[in-house]
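# Examining the three-dimensional arrangement
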Amino acid sequence: MSQRLKCPQSIKSLPINLKRQKQREQRKLNNGVGKNRKKNQKKLRKKGILKNEDFEWQELQALISATESELKTILENEPVLADIPYDISPEELEGQIALAKGSGMTIYIQRDGLSTLTIVVSCEI
């Protein structure tokens, strides 16, 4: 860690490296607010907003993981829904419901040298 310059010299008379060091130290003391106060205060406000967004993002991720775990528990405990994965997309779920109701069909597409594709199509009347 660098030592602070304690001499009362004016910044203009210092060599460029010491001048910049002194300016950095002053910015640290003022929480990042230097000569251009308005610009730097805008930056500080933006940092505060970003911290708030990070907190909101963390809350959202916690809510998503709690919902997924609860959904996983419900799907595991219900015998009718046991074969449905917890991270199923809405389209896949609609296809599974259509198959269960009898208004859907499964199409198997065999590709040369590749795996077979399984597509569920819902046929609504």
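Data block above holds the structure.
## Brief notes about the overall build of the protein chain
A count of helical and extended segments in the protein chain gives three helices and two strands. Ordered by position in the sequence, the α and β elements of the protein chain form the string α-α-α-β-β. The buried share of the protein chain, reckoned over its 125 residues, is 9%. Across the protein chain, the fraction of contacts at a sequence separation of at least 24, relative to all contacts at a separation of at least 6, is 5%. Accessible surface computed for the protein chain: about 11300 Å², of which carbon and sulfur atoms make up 54%.

## With respect to a nonpolar patch on the surface
A grouping of Met-105, Ile-107, Ile-109, Leu-117 and Ile-119 is seen on the molecular surface, where their side chains present a nonpolar patch of about 370 Å² in accessible area. Broken down by secondary-structure element, the contributors of at least two residues to the nonpolar patch are strand 1 (104-109) and strand 2 (117-122). If one sorts the elements of the nonpolar patch by residue count, strand 1 sits on top with three residues.

## Here's the deal with a negative patch on the surface
On the surface, a cluster of negative charge is contributed by Glu-68, Asp-87, Glu-91, Glu-92, Glu-94 and Glu-124. With three residues, the single largest contributor to the negative patch is helix 3 (residues 90-101). Locating Glu-91 in the fold gives a position in helix 3. Among the residues examined, Glu-91 registers a relative accessible area of 60% and is labelled exposed.

What counts and how
- Residues numbered from 1 in each chain as written.
- Predicted model: local features only at pLDDT ≥ 70, side-chain atom pairs only at ≥ 80, totals over all residues.
- Heavy atoms only, no water.
- Helix = DSSP H or I, 4+ residues; strand = E, 2+ residues; numbered from the N terminus.
- Buried < 20%, exposed > 50% of the residue type's maximum accessible area, 1.4 Å probe, protein only.
- Contact = heavy atoms within 4.5 Å.
- Areas by Shrake-Rupley, 256 points an atom, 1.4 Å probe, with all protein chains shown as cover.
- Patch = residues over 30% accessible without salt bridge, like charges linked within 9 Å, V, L, I, M, F, W, Y side chains within 5 Å.
- Salt bridge = Lys/Arg side-chain N within 4 Å of Asp/Glu carboxyl O.
- Lys, Arg positive; Asp, Glu negative; His and termini not counted.
- Charge placed at Lys NZ, Arg CZ, Asp CG, Glu CD.

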